[in-house]
Amino acid sequence: MLDTIVVGLGLSGVALSKKLEDEGKNFLVFEDNSQNSSLVAGGLFNPVILKRFTLAWKANEQMNTALPFYRRLEDKLATKFVHKLAIYRKFFSAEEQNNWFEAADKPLLSEYLDTNLVKHINDNIPAEYCFGRVKGTGVIDTDVLLKEYRSYLKKESKLKVERFCYDDLKIEEDGVTYGELSAKNIVFCEGFGLLKNPFFNYLPLRGNKGEYITIYSEELQLDKAVKSSVFIIPLGNNLYKVGATYNSRDNNPAPSEEAREQLETKLQQLITCDYEVVDQSAGIRPASKDRRPMLGRHPEHQNLYCCNGFGSRGVLIAPMAASQLFELMEFNNPVSEEIDLQRFTKKHYQA
Ligand SMILES: Cc1cc2nc3c(=O)[nH]c(=O)nc-3n(C[C@H](O)[C@H](O)[C@H](O)COP(=O)(O)OP(=O)(O)OC[C@H]3O[C@@H](n4cnc5c(N)ncnc54)[C@H](O)[C@@H]3O)c2cc1C
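Okay, so let's go over this structure. Since the structure is predicted, the reported quantities are computational estimates derived from the model, not experimental observations. (Residues numbered from 1 in each chain as written. Predicted model: local features only at pLDDT ≥ 70, side-chain atom pairs only at ≥ 80, totals over all residues. Heavy atoms only, no water.)

1. Describing the overall build of the protein chain
In step 1: Across its full length, the protein chain carries nine helices and 20 strands.
In step 2: Taking 20 Å as the expected radius of gyration for a compact globule of 351 residues, we find that the protein chain reaches 21 Å, a close match to that expectation.
In step 3: Projected onto its principal axes, the C-alpha coordinates of the protein chain cover approximately 65 × 40 × 40 Å.
In step 4: Burial status across the protein chain gives 56% buried among its 351 residues.
In step 5: Across the protein chain, contacts joining residues at least 24 apart in sequence account for 73% of those joining residues at least 6 apart. (Helix = DSSP H or I, 4+ residues; strand = E, 2+ residues; numbered from the N terminus. Rg over C-alpha atoms; globule rule 2.2 N^0.38 Å. Buried < 20%, exposed > 50% of the residue type's maximum accessible area, 1.4 Å probe, protein only. Contact = heavy atoms within 4.5 Å.)

Okay, here's the thing in structure tokens:
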């Protein structure tokens, strides 16, 4: 008998599987490549909300959990996918500069906001009001992480590349069965795919489509991430990701012309050199109504769990969420109230 079946191997499923493995649990993962939010993500880990210069929800704690988690996974897979990368926020006015200084005075933010403003970072990115640097930031190459971890699990016979069919799940008193398989519990980490899950689709999951374009520019020569009305993230070899868009009305997973135009317009306001668009990608961020993760146990079925709702911050949230979910499954320690899916039971669940 398995300890756990995991459905979905995006950032949520990876963090949970690694936790299960670390704890010596016997598990099997299903992944059908139906969603690609984690695959196309910019992969930035940045504790600061760069619109308002505030600390993202629980960002300090998440930074302390997430970075050691990804470093350990790098060691395990003998692959590099964590890259330190400075983020420079371009200011649009003297008022924004003042807001930055005010924010940098606050105890938790002072660690991350550099008060030495930078006048020039690149010949092709003029900035009348300078840039502010966020400290301690970087990027996870989620494409490398997911591919390497998937191939590792495959070799260990812990991954089935197939769709998990909800109709075939049988819920028993002390576990679940699925065809030939039996397990003590099952965790659904399907991202936006949750909408098709009859056990958890009562949760108020909101899709938020995000798109990037990838540009090629020999002239740009940028080795930092720049945040203006869009991010530019250097990928190496004169390639850069530019994005992302946010669209909660469009759940079509394909890249759109509208997003490409929007991103190019913003890019042209930011850089002065030539570039060529060489690629475009899209994914649906799984967000919740109140912008907090949704994890925990099914209101009726004790062996069914969900780990979802990471929105636009999956890189930092996933390791913390996996850890809390494991504590709940193994020791019955409740997850924090503000992320516990039970907050939606009364209003949204009908037995
Ligand atoms: C354009 C874009 C940019 C982003 N940039 C960042 C960023 O810079 N930093 C950051 O922290 N976050 C970023 N995000 C958000 C981040 O990607 C998400 O928070 C995160 O990917 C959510 O992970 P997940 O595992 O919950 O969902 P997903 O990545 O959607 O993974 C769910 C997995 O479950 C699988 N699945 C679903 N149903 C089934 C089924 N029935 N059977 C088998 N498998 C199934 C899917 O194929 C998928 O692989 C970005 C998102 C987008 C779209």
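2. Section: the site of the ligand
In step 1: Taken together, 39 residues are adjacent to the ligand, and Glu31, Ser38, Leu44, Gly311 and Val315 come closest.
In step 2: Between the ligand and glutamate 31 there is a distance of 2.6 Å, counted from an oxygen atom to a side-chain nitrogen or oxygen.
In step 3: Contact with the protein chains removes 97% of the 1,000 Å² of surface that the ligand exposes when unbound.
In step 4: Those elements giving two or more residues to the shell around the ligand turn out to be helix H1 (11-22), helix H2 (37-40), strand S14 (205-216), strand S18 (276-288) and helix H8 (314-331).
In step 5: Across the shell around the ligand, the residue classes tally to 14 nonpolar, 16 polar and nine charged.
In step 6: Counting contributing residues, the shell around the ligand receives three or more from each of domain 1 (2-41 + 143-204 + 289-348) and domain 2 (56-141 + 206-288). (Near = heavy atom within 4 Å. Polar contact = N/O pair within 3.5 Å; in protein donor to acceptor, adjacent residues only side chain to side chain. Areas by Shrake-Rupley, 256 points an atom, 1.4 Å probe, with all protein chains shown as cover. Nonpolar A, V, L, I, M, F, W, Y, C, P; charged D, E, K, R; others polar. Domains from an automatic or database assignment.)

3. Structural notes on H8
In step 1: For H8, spanning 18 residues, the distance from its first C-alpha to its last is 25 Å, which sits close to the expected 26 Å at 1.5 Å a residue.
In step 2: In terms of burial, H8 is largely enclosed, as 13 of its 18 residues are buried.
In step 3: Once H8 ends, the next one or two residues include asparagine 332, with phi positive near 60°. (Expected span 1.5 Å × (residues − 1).)

4. A word on the pattern of salt bridges
In step 1: According to the stated counting rule, one finds 18 salt bridges in the structure shown.
In step 2: Here glutamate 21 makes a salt bridge to lysine 76, at a shortest N to O gap of 3.4 Å. With glutamate 21 in helix H1 and lysine 76 in helix H3 (residues 59-77), this pair connects stretches of sequence that are 55 residues apart.
In step 3: With its nearest N and O atoms 3.3 Å apart, the salt bridge here joins arginine 260 to glutamate 264. (Salt bridge = Lys/Arg side-chain N within 4 Å of Asp/Glu carboxyl O.)

5. Some details on the nonpolar core
In step 1: Counting residues in each nonpolar core, the largest one holds 64 residues, and the members touching the most others are Leu16 and Tyr70.
In step 2: Counting only domains with at least three residues in this core, you end up with domain 1 (2-41 + 143-204 + 289-348) and domain 2 (56-141 + 206-288).
In step 3: Setting aside chain neighbours within four positions, we find leucine 16 in contact with Val6, Val187, Cys189, Ala322, Leu325 and Met329.
In step 4: Core analysis: the second largest hydrophobic core is formed by 27 residues, Phe30, Phe192, Phe344 and Tyr349 among them. (Core = buried A, V, L, I, M, F, W, Y, C linked by side-chain atoms within 4.5 Å.)

6. Topic: the sheet that holds strand S3 (residues 44-45)
In step 1: Read from one edge to the other, the open sheet built from three strands follows the order S3-S9-S6, with strand pairing classed as antiparallel. A single partner strand is all that each edge strand has here, and the edge strands are S3 and strand S6 (82-84).
In step 2: Alignment of S3 against strand S9 (residues 138-140), held across two bridges, turns out to be antiparallel. Looking at the pairing, leucine 44 lines up with valine 139 of S9.
In step 3: Relative to S6, H3 is tilted by about 125°, and along the sheet it contacts S3, S6 and S9. (Pairing = 2+ DSSP bridges. Axes fitted to C-alpha atoms, helices over the stretch in contact; angles between N-to-C directions.)

7. Some words on the environment of arginine 89
In step 1: Considering the arrangement of structural elements, one finds arginine 89 in strand S7 (residues 87-90).
In step 2: For the pair arginine 89 and lysine 227, spaced 138 residues apart in sequence, the C-alpha separation works out to 4.7 Å.
In step 3: Ignoring sequence-local partners within four residues, the contact set of arginine 89 consists of Leu50, Lys51, Phe53, Glu96, Trp100, Cys130, Phe131, Gly132 and Lys227.
In step 4: At 3.0 Å, the side chain of arginine 89 and the side chain of glutamate 96 are in polar contact.

Without other data, these values stay purely geometric and don't point to any function.
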